[in-house]
Amino acid sequence: MSKIAVVYWSGTGNTEAMAAAVLEEDEFEPMFSACEANLKGKKIALFGSYGWGDGEWMRSWEETCIGDGAVLACDSVICNEAPDAAAISSCKALGAALAE
Ligand SMILES: Cc1cc2nc3c(=O)[nH]c(=O)nc-3n(C[C@H](O)[C@H](O)[C@H](O)COP(=O)(O)O)c2cc1C
């Protein structure tokens, strides 16, 4: 079985709630810097919560990751502030896509 790392940072808990839905368990392994430097050929999926704007930050992040050689497993998931039911559902689907 492949090893999956769910790497996130969350100040107030919104992104943490998304991460919990991605894995549906509580075993997280924050290792952001290590992953960022080693994305070539890696299957990844991106998610995050934002406060304002239209999600441009995610488009920029996708471009950066693709530029680093990462392969996106599915559409990225973004939500405004706290994730609603649709965002949680999308996070679960994201986790499933990573596990394929
Ligand atoms: C210091 C600070 C800076 C922030 N900067 C941005 C920003 O540049 N763009 C944005 O969309 N939201 C910004 N936000 C809002 C957060 O992204 C938003 O509240 C998000 O839901 C927080 O998720 P978290 O609970 O996982 O930290 C900022 C919030 C704080 C406290």
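The structure under discussion appears in the preceding block.
Residues numbered from 1 in each chain as written. Predicted model: local features only at pLDDT ≥ 70, side-chain atom pairs only at ≥ 80, totals over all residues. Heavy atoms only, no water.

**Brief notes about the site of the ligand**
In step 1: All residues in the neighbourhood of the ligand are listed as W9, S10, G11, T12, G13, N14, T15, S49, Y50, G51, W52 and E81.
In step 2: Between an oxygen atom of the ligand and a main-chain N or O atom of G11, the distance comes to 2.6 Å.
In step 3: Within the side chain of T15, a nitrogen or oxygen atom sits 2.6 Å from an oxygen atom of the ligand.
In step 4: Contact with the protein chains removes 56% of the 650 Å² of surface that the ligand exposes when unbound.
In step 5: Counting only elements with at least two residues in the shell around the ligand, the list comes to α1 (14–23) and β2 (47–50).
In step 6: Residues belonging to the shell around the ligand are distributed by class as follows: 3 nonpolar, 8 polar and 1 charged. (Near = heavy atom within 4 Å. Polar contact = N/O pair within 3.5 Å; in protein donor to acceptor, adjacent residues only side chain to side chain. Areas by Shrake-Rupley, 256 points an atom, 1.4 Å probe, with all protein chains shown as cover. Helix = DSSP H or I, 4+ residues; strand = E, 2+ residues; numbered from the N terminus. Nonpolar A, V, L, I, M, F, W, Y, C, P; charged D, E, K, R; others polar.)

**Regarding α1**
In step 1: Every buried residue of α1 is accounted for by N14, T15, M18, A19, A21 and V22. With its buried residues spanning 160° around the axis, α1 presents them on a single face.
In step 2: Residues of α1 that are buried in the fold lie against β2, β4 (77–80) and α4 (85–99).
In step 3: Taken from the residues just after α1, E24 is the one with a positive phi, measuring 55°. (Buried < 20%, exposed > 50% of the residue type's maximum accessible area, 1.4 Å probe, protein only. Arc of directions from axis to C-beta. Contact = heavy atoms within 4.5 Å.)

**A few points about the nonpolar core**
In step 1: Judged by nonpolar contacts, the single largest core of 14 residues is most densely connected at V6, M18, V22, F47, V77, C91 and L94.
In step 2: Within the residue set of this core, elements represented by two or more residues are α1, β4 and α4.
In step 3: If sequence neighbours within four positions are ignored, V22 has contacts with V6, F47, C91, L94 and G95.
In step 4: Within the second largest apolar cluster, 6 residues are counted, among which are I44, L46, M58 and C65. (Core = buried A, V, L, I, M, F, W, Y, C linked by side-chain atoms within 4.5 Å.)

**Brief notes about the pattern of salt bridges**
Oppositely charged side chains can form a pair if their charged atoms are brought close together.
In step 1: Under the criterion given, the structure shown has 1 salt bridge.
In step 2: Here R59 and D54 are joined by a salt bridge, their closest N and O atoms 3.3 Å apart.
In step 3: Residue classification places R59 among the partly exposed positions, given a relative accessible area of 40%.
In step 4: By relative accessible area, D54 is classed as exposed at 51%. (Salt bridge = Lys/Arg side-chain N within 4 Å of Asp/Glu carboxyl O.)

**What about the packing of aromatic side chains?**
In step 1: Enumeration according to the criterion identifies 1 aromatic pair in this entry.
In step 2: Centroid distance Y50 to W57: 6.0 Å. Interplanar angle 50°. Geometry classified as tilted.
In step 3: With relative accessibility at 17%, the residue Y50 sits in the buried group. (Phe/Tyr/Trp six-rings, centres within 6.5 Å; stacked < 30°, edge-to-face > 60°.)

**Side note on the environment of S49**
In step 1: The topology assignment puts S49 in strand β2.
In step 2: Judged by relative accessible area, S49 falls into the partly exposed class, the value being 23%.
In step 3: Counting along the chain gives 28 residues from S49 to V77, while the straight-line C-alpha distance between them is 8.6 Å.
In step 4: S49 has contacts with N14, T15, M18, W57, C79, N80 and E81, leaving out every residue within four places of it along the chain.
In step 5: Within the local environment of S49, its side chain forms a polar contact with the backbone oxygen of E81, the two atoms lying 2.5 Å apart.

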